[in-house]
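Understanding the architecture of this molecule
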Amino acid sequence: MEQYQDQPAHAEKIAYQQRLLQEDVVHIRADISQVSTEMENAWGEYIHLESDVDWLRSALQAQMNRTDISQQEKAELRKELWRMEGRAGGPELQQ
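Since we're looking at a predicted model, the values are computed, not measured. (Residues numbered from 1 in each chain as written. Predicted model: local features only at pLDDT ≥ 70, side-chain atom pairs only at ≥ 80, totals over all residues. Heavy atoms only, no water.)

**So, the overall build of the protein**
Within the protein, the secondary structure is distributed over two helices and zero strands. The burial tally for the protein puts 13% of its 95 residues in the buried class. In the structure as shown, the protein presents an accessible area of about 8,400 Å², 54% of it carried by carbon and sulfur atoms. (Helix = DSSP H or I, 4+ residues; strand = E, 2+ residues; numbered from the N terminus. Buried < 20%, exposed > 50% of the residue type's maximum accessible area, 1.4 Å probe, protein only. Areas by Shrake-Rupley, 256 points an atom, 1.4 Å probe, with all protein chains shown as cover.)

Following this line, the structure appears as structure tokens:
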């Protein structure tokens, strides 16, 4: 900037560009903060859902281990467990 002291229009343009860049940095930091918060919330939701799936899997397995249900009911429970495992495994297993 000092080298452009005798060119006020050029120095003014550089100062203006610096202000714009500083504003861009502020906006980028705000966006990063927002995305970081959203990612943290999504991760928390994922952990909660994973816990729910584990609970459901345990409940289904407990039902399968009961002696007072028919083989047909056990087969249905087994299918449900396999279906859950396929969904938990990701899209490639859901074909």
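**Observations concerning the confidence of the model for the protein**
Of all residues in the protein, 85% have pLDDT values of 70 or greater, and the mean over the chain is 86. Note on residues 91–95: pLDDT is under 50 here. Beyond four places in sequence and across chains, it has four contacts. (pLDDT = per-residue confidence, 0-100. Contact = heavy atoms within 4.5 Å.)

**Thoughts on the side chain of Lys 74**
Take Lys 74: it is sitting in helix α2 (residues 71–89). One buried charged residue, Lys 74, forms no salt bridge at all, with the nearest opposite charge on Asp 68 at 8.0 Å. Ignoring sequence-local partners within four residues, the contact set of Lys 74 consists of Met 64, Arg 66 and Ile 69. (Lys, Arg positive; Asp, Glu negative; His and termini not counted. Salt bridge = Lys/Arg side-chain N within 4 Å of Asp/Glu carboxyl O.)

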